[in-house]
Amino acid sequence: MKFFIDTANLSEIQEAYDLGVLDGVTTNPSLMAKEGITGEENIKNHYKAICDIVDNNVSAEVISTDLAGMLKEGRELAALDEKIVVKIPMIKDGIKAIKQFASEGIRTNCTLIFSAGQALLAAKAGASYVSPFIGRLDDVSQDGLLLIEQIVGIYDNYGYDTEVLAASVRHTMHLIHCAEIGAHVSTCPLKVITGLLKHPLTDSGLEKFLADYNKGNK
Ligand code: G3P
């Protein structure tokens, strides 16, 4: 399973990268705004700074909602660095843009996926990744993990290369369940990745091992 971090915060990206388990980064306009990054040039420079930290897979989202705008913006973003994956919203022109980008060899991440039908369309158009938002489905009493399972099953049936990127992952159990049901990627905040480290029996066990070592080596 690939681990992506869902943030535009450079120090959090660096911390996850330094752990040695980070495969990519996802951002969106809200995450950029949270870091105070505004304006086209600043946003592009920020994507370049993210690309300088990680090895691959940096999702950069277009703002346009029409085909011509998405193609122009997406090509500009892709030209920033070969690590960029152009993030396209799940709308009619988005599907057309994904199809065109696939023919140009530009990788895409189709975002704001909330149904299996949307995921099927994105895969048929040639998306590299689809991002179902599981936390936001849970927020409205729909089972986000069930959607991940459905999409993984559909893609397996037909051998689609599109990878299921579980997004809006809110806690460690979301991540564990995503791994159990075969999501190819999970993108989550740093605290979810570091949360996997924690177990009180590890802490108390280590404390005891060290205390016993120190007793025997006095
Ligand atoms: O990856 C999408 C993510 O940024 C949305 O997360 O927590 O705002 O639903 P959230």
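Residues numbered from 1 in each chain as written. Predicted model: local features only at pLDDT ≥ 70, side-chain atom pairs only at ≥ 80, totals over all residues. Heavy atoms only, no water.

Colleague: How would you explain the site of the ligand if you had to name every residue and give the values?
Modeller: Neighbouring the ligand are the residues Asp6, Asn28, Phe133, Arg136, Ala167, Ser168, Arg170 and Thr187. Contact distances for the ligand include 3.0 Å between an oxygen atom and a side-chain N or O atom of asparagine 28. In this structure, an oxygen atom belonging to the ligand sits 2.7 Å away from a side-chain N or O atom of arginine 136. For the ligand, whose accessible area on its own is 310 Å², the fraction buried by protein is 80%. Of the residues assigned to the shell around the ligand, the class counts are 2 nonpolar, 3 polar and 3 charged. (Near = heavy atom within 4 Å. Polar contact = N/O pair within 3.5 Å; in protein donor to acceptor, adjacent residues only side chain to side chain. Areas by Shrake-Rupley, 256 points an atom, 1.4 Å probe, with all protein chains shown as cover. Nonpolar A, V, L, I, M, F, W, Y, C, P; charged D, E, K, R; others polar.)

Colleague: Describe the packing of helix H3 (residues 40–53) against helix H4 (residues 67–80), listing the residues and the values that go with them.
Modeller: Their axes nearest at 9 Å, the elements H3 and H4 cross at an angle of 40°. Looking at the two axes, H3 sits oblique to H4. Read as a crossing pair, H3 and H4 show a hand that is right-handed. Residues Glu40, Lys44, Tyr47 and Lys48 of H3 form the contact with H4, whose participating residues are Glu76, Leu77 and Leu80. Grouping the constituent residues of the contact of H3 with H4 by class yields 3 nonpolar, no polar and 4 charged. (Axes fitted to C-alpha atoms, helices over the stretch in contact; angles between N-to-C directions. Helix = DSSP H or I, 4+ residues; strand = E, 2+ residues; numbered from the N terminus. Parallel < 35°, antiparallel > 145°, perpendicular 65-115°, else oblique. Left-handed = near helix turned anticlockwise from the far one by under 90°. Contact = heavy atoms within 4.5 Å.)

Colleague: Any chance you could break down the sheet that holds strand S6 (residues 129–132) for me, citing the residues and the numbers?
Modeller: Whether parallel or antiparallel, the strands of a sheet pair through hydrogen bonds between backbone atoms. Taken in spatial order, the 8 strands of this closed barrel run S1-S2-S3-S4-S5-S6-S7-S8, and their pairing is parallel. Across the sheet, the mean angle from the axis of one strand to that of its neighbour is 30°, orientation sign disregarded. Note: strand S7 (residues 163–166) against strand S8 (residues 185–188), 2 bridges, orientation parallel. If you follow leucine 165 over to S8, its bridge partner there is valine 185. (Pairing = 2+ DSSP bridges.)

Colleague: Please set out the pairing of strand S3 (residues 58–61) residue by residue, giving values where relevant.
Modeller: When a strand is regular, its side chains alternate between the sheet's two faces. By the alternation rule, side chains of S3 split into Val58 and Ala60 and Ser59 and Glu61, which are all buried. Sheet topology places strand S2 (residues 24–26) next to S3; 2 bridges connect them, and they run parallel. Each residue of the ladder has a partner; that of valine 25, found in S3, is valine 58. When S3 meets strand S4 (residues 84–89), the two strands line up parallel, connected through 4 bridges. Within S4, the residue paired with valine 58 across the bridge is isoleucine 84. Once the chain exits S3 it traverses H4 before rejoining the sheet at S4, and the crossover so formed is right-handed. (Buried < 20%, exposed > 50% of the residue type's maximum accessible area, 1.4 Å probe, protein only. Right-handed = clockwise from strand over helix to strand, strands pointing away.)

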